[in-house]
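Tertiary structure, described
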Amino acid sequence: MLNFRNTNIVVGLLLIVCVWLCINYNLTYWSIGILLFLYSLVLFYGCYFISSNFFIKTVCKANIDKKEIALSFDDGPAQNYTPEILQVLREYNIQAAFFCIGKHIEANKDLLKQVHEEGHVIGNHSYTHDKWFDLFSSAKMNAELALTDDIIKDITGQKPRLFRPPYGVINPNVRKAIIKGSYIPLGWSLRSYDTMIKDEGKLLKRITRSIKPGDIFLFHDTCQITLKVLPIFIQHLQQKGFSIVRLDKLLDINAYE
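Note that the coordinates shown come from a computational prediction; the quantities given were computed from them, not determined experimentally. (Residues numbered from 1 in each chain as written. Predicted model: local features only at pLDDT ≥ 70, side-chain atom pairs only at ≥ 80, totals over all residues. Heavy atoms only, no water.)

**Here's the deal with the pairing of strand E3 (residues 121-124)**
Spelled out, the test is: Using a 1.4 Å probe on the protein chains alone, a residue whose accessible area is under 20% of its type maximum counts as buried, one over 50% counts as exposed, and one in between counts as partly exposed. A run of DSSP states H or I qualifies as a helix once it reaches four residues; a run of E qualifies as a strand once it reaches two. Both are numbered from the N-terminal end. The pairing criterion is simple: DSSP has to find at least two bridges between the two strands.
Side chains Val121 and Gly123 project from E3 onto one buried face, and the interleaved Ile122 and Asn124 project onto a second face that is buried too. Sheet topology note: the strand E2 (residues 97-100)/E3 ladder contains four bridges and is parallel. The residue of E3 that forms the bridge with Phe99 is Gly123.

Here it is as structure tokens:
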């Protein structure tokens with residue numbers, strides 16, 4: 001199994017062999033550079049592909065045959081477009097998961113309360129969602145996550161167990177923060193790229209082309225295009241015989257402590 005520990009062991013052994021061959025058999029030292037370059041590529045893969053389970057096992061899909069999927073929304077709550085998305089979900093009697101940013105919660109406490117009261121799951125998505133979050137120390141990460149937990153618990157009365165790393169990046173420090181906070185790390189099986197795709201047809205094509213039982217869809221409740229395509233997407237799922245269930249039900253886990 002390709003993971004951080006096993007990779008380090010293999011690369012360490014290969015590095016020793018390369019150094020020995022360089023000293024005793026005049027093997028070019030470029031071999032060491034090539035080995036380290038390949039190692040860096042593997043680390044990049046492990047960090048930026050959350051489903052790789054390279055640093056820590058991350059839940060990205062339910063292992064089921066029943067035609068059920070879950071919707072998740074990141075980066076809110078926000079005045080644009082969380083209320084409208086909640087309205088769509090309410091119209092179709094759907095419960096989703098919202099991975100919220102702490103500083104956005106503080107600016108929109110009533111919205112988070114509405115998300116909770118309407119039966120949606122709330123997960124931790126850090127306090128700042130800083131672009132350098134994955135370079136923070138594990139202690140600083142833990143401080144952000146704990147602060148966000150406290151804010152969510154103050155409003156809802158419940159402390160979340162689900163955590164989705166900003167940008168889906170996992171590295172050794174993120175792993176330490178997850179373990180220390182006893183979180184369940186959550187990823188996705190289908191990323192909509194709704195923050196990048198601005199054409200409704202292209203977005204719908206992406207999210208409808210290959211739907212499988214147990215899929216977890218990643219959207220953002222801060223994107224207008226998501227609001228526009230969401231009703232069409234829900235109708236498509238229903239026509240295909242899929243049920244949309246709450247994330248914790250799909251995965252059979254407890255979302256709160």
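**Brief notes about helix H2 (residues 30-48)**
Because the α-helix completes a turn every 3.6 residues, residues three or four places apart line up on one side. This is how the line gets drawn: Each helix should span, by expectation, one fewer than its residue count multiplied by 1.5 Å. The arc in question is the one traced by the directions running from the helix axis out to the C-beta atoms. Whether two residues are in contact is decided by their heavy atoms, any of which lying within 4.5 Å being enough.
Its 19 residues place the ends of H2 27 Å apart at the C-alpha level, agreeing with the 27 Å of an ideal helix rising 1.5 Å per residue. For H2, the set of buried residues is Ser31, Ile32, Leu35, Tyr39, Gly46 and Cys47. Burial along H2 is one-sided: seen end-on, the buried residues are contained in an arc of 150°. Of the residues in H2, the exposed ones pointing more than 90 degrees away from the buried face are Trp30 and Phe37. Of the surrounding elements, those touching the buried residues of H2 are helix H1 (4-25).

**Details of the state of the cysteines**
For clarity, the cut-off: Disulfides are defined in this document as cysteine sulfur pairs within 2.5 Å.
Under the counting rule described, the total for this entry stands at zero disulfides. You can see Cys22 has no disulfide; the closest cysteine sulfur is in Cys18, sitting 6.3 Å from it. Cys60 carries a free sulfur, and the closest cysteine sulfur to it, the one in Cys47, is 15 Å from it.

**Observations regarding a nonpolar patch on the surface**
Keep this limit in mind: Nonpolar side chains (Val, Leu, Ile, Met, Phe, Trp, Tyr) are joined into patches within 5 Å and like charges within 9 Å, using only residues with over 30% relative accessible area and no salt bridge. Here the accessible surface of atoms and residues is derived via Shrake-Rupley with a 1.4 Å probe, and residues count as covered only by protein chains that are part of the display. Salt bridges are counted wherever a side-chain nitrogen of Lys or Arg sits within 4 Å of a carboxyl oxygen of Asp or Glu.
A cluster of nonpolar side chains, namely Leu2, Phe44, Tyr45, Tyr48 and Phe49, defines an oily patch on the protein surface of about 520 Å² accessible area. Note on placement: Phe44 falls in helix H2. Assessed through its relative accessible area of 48%, Phe44 is described here as partly exposed.

**Regarding the environment of Gly214**
With respect to the secondary-structure elements, Gly214 resides in the loop between helix H8 (200-208) and strand E7 (216-220). For Gly214, a relative accessible area of 0% corresponds to the buried category. Sequence-wise, Gly214 and Ile178 are 36 residues apart; in three dimensions their C-alpha atoms are separated by 24 Å. Among residues more than four places away in sequence, those in contact with Gly214 are Lys61, Ala62, Ile64, Lys66, Glu68, Ile69 and Leu250.

**Quick look at the pairing of strand E1 (residues 68-74)**
Defined as follows: When the strands point away from the viewer, a crossover counts as right-handed if the route from the first strand across the helix to the second turns clockwise.
Most of E1 is tucked away, with seven of its seven residues classed as buried. By the alternation rule, side chains of E1 split into Glu68, Ala70, Ser72 and Asp74 and Ile69, Leu71 and Phe73, which are all buried. Two strands pair when backbone bridges link them, and E1 and strand E8 (residues 243-244) are joined in this way by two bridges, in the parallel orientation. Its bridge partner being in E8, Ile69 is matched across the sheet by Ile244. Judged from the five bridges that link them, E1 and E7 form a sheet pairing that is parallel. Each bridged residue has a counterpart across the sheet, and for Ser72 the counterpart in E7 is Leu218. As defined by bridge partners, E1 adjoins E2 across three bridges and the pair is classed as parallel. From the neighbouring strand, Ser72 faces E2, where its bridge partner is Ala97. Handedness of the β-α-β unit built from E1, helix H3 (residues 82-91) and E2 comes out right-handed.

**Focus on the packing of aromatic side chains**
Put simply, the rule reads: Here is the rule: rings of Phe, Tyr and Trp (six-membered ring for Trp) pair when centre to centre is within 6.5 Å. Planes less than 30 degrees apart are stacked, more than 60 are edge-to-face, and the remainder are tilted.
Applying the stated criterion across every chain, the model contains 13 aromatic pairs. Summarising the aromatic geometry, the rings of Phe4 and Phe54 are spaced 6.1 Å apart at their centres and angled 65° between planes, so their arrangement reads as edge-to-face. Remark: Phe54 occurs in the loop between H2 and E1 and Phe4 occurs in helix H1; sequence separation between them is 50 residues. Using a relative accessible area of 2% as the deciding quantity, one classes Phe54 as buried.

**Considerations on the pattern of salt bridges**
Going through the model one piece at a time under the given rule, you end up with seven salt bridges. Note that Arg164 and Asp74 form a salt bridge whose closest N and O atoms lie 2.8 Å from each other. Highlighted residues: Arg164 in the loop between strand E4 (162-163) and helix H7 (172-180) and Asp74 in strand E1, separated in sequence by 90 residues. The residues Arg164 and Asp74 share a single accessibility class, namely buried. With a closest N to O distance of 2.6 Å, Arg90 and Glu118 form a salt bridge. One end of the pair, Arg90, is in helix H3; the other, Glu118, is in the loop between helix H5 (109-117) and E3, and 28 residues separate them in sequence.

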